[in-house]
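Take a look at the letters that make up each chain.
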Amino acid sequence: MESDAVPTDGETMILLTRLNGSTFAVNPDLIERIQEQPDTTVVLVDGTTFIVSESIDEVIEEIAEYRARVIALAHAMHFESAPAPVPATATGPRRFGVVDGAKSPVRPVGGR
């Protein structure tokens, strides 16, 4: 997939099939559990339940492929400029509560 391409549902979600043959997309991050009894049931974190024609192994494989795509995309991203690292130890007094360079009262190290 090119970096400027718009993802399709199959790239941002997994595709599953209901018993009646209709296909739907679901966000795999919302799946709480998958069970077979004997049909495969996918239960989301909000309690929504889907009965699908895929086996547990097939659903797990779809989730694994989705996660691999996410990781591959993250590795393919190139950042033009990274923010400068913040040193572990700073010289001078500490300033707590600084937001976007705003001025704040200077507190001595140790808190009081």
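Scroll up for the structure.
Residues numbered from 1 in each chain as written. Predicted model: local features only at pLDDT ≥ 70, side-chain atom pairs only at ≥ 80, totals over all residues. Heavy atoms only, no water.

Colleague: Would you mind showing me how to read the overall build of the protein chain here?
Modeller: The secondary structure content of the protein chain amounts to 2 helices and 7 strands. Each helix (α) and strand (β) of the protein chain, taken in turn from the N terminus, gives the series α-β-β-β-β-β-α-β-β. The 112 residues of the protein chain split such that 17% are buried. Taking as baseline every contact in the protein chain between residues at least 6 positions apart, the subset at least 24 positions apart corresponds to 34%. (Helix = DSSP H or I, 4+ residues; strand = E, 2+ residues; numbered from the N terminus. Buried < 20%, exposed > 50% of the residue type's maximum accessible area, 1.4 Å probe, protein only. Contact = heavy atoms within 4.5 Å.)

Colleague: Please explain the pattern of salt bridges as it appears in this structure.
Modeller: Pairs can form between side chains of opposite charge whenever their charged atoms are close. Scanning all chains against the criterion turns up 2 salt bridges. We note a salt bridge from Arg-67 to Asp-29, for which the minimum N-O separation is 2.7 Å. Pair noted here: Arg-67 is in helix α2 (residues 56–76) and Asp-29 is in the loop between β2 (23–26) and β3 (31–36), with a separation of 38 residues, a long-range link. Among the residues examined, Asp-29 registers a relative accessible area of 45% and is labelled partly exposed. The salt bridge partner of Glu-32 is Arg-33, with a shortest N-O separation of 2.6 Å. (Salt bridge = Lys/Arg side-chain N within 4 Å of Asp/Glu carboxyl O.)

Colleague: Help me understand the packing of aromatic side chains, please; the structure alone is not making it clear to me.
Modeller: Any two aromatic rings considered together are summarised by their centre-to-centre distance and by the angle between their planes. Following the criterion strictly, the structure yields 1 aromatic pair and no others. On the numbers, 4.6 Å between centres and 35° between planes, the contact of Phe-24 with Phe-50 is tilted. In this pair, Phe-24 is assigned in strand β2 and Phe-50 in strand β5 (residues 49–52), connecting sequence segments 26 residues apart. The same class applies to Phe-24 as to Phe-50, namely buried. The lysine or arginine in question, Arg-18, covers the ring of Phe-24, its NZ or CZ lying 4.4 Å from the ring centre. (Phe/Tyr/Trp six-rings, centres within 6.5 Å; stacked < 30°, edge-to-face > 60°. Lys NZ or Arg CZ within 6 Å of the ring centre and 35° of its normal.)

Colleague: For this particular structure, what's the right way to read a negative patch on the surface?
Modeller: A cluster of acidic residues, Glu-36, Asp-39, Asp-57, Glu-58, Glu-61 and Glu-65, forms a negative patch on the protein surface. Take the negative patch: its biggest share by element is 4 residues, from α2. (Patch = residues over 30% accessible without salt bridge, like charges linked within 9 Å, V, L, I, M, F, W, Y side chains within 5 Å. Areas by Shrake-Rupley, 256 points an atom, 1.4 Å probe, with all protein chains shown as cover. Lys, Arg positive; Asp, Glu negative; His and termini not counted. Charge placed at Lys NZ, Arg CZ, Asp CG, Glu CD.)

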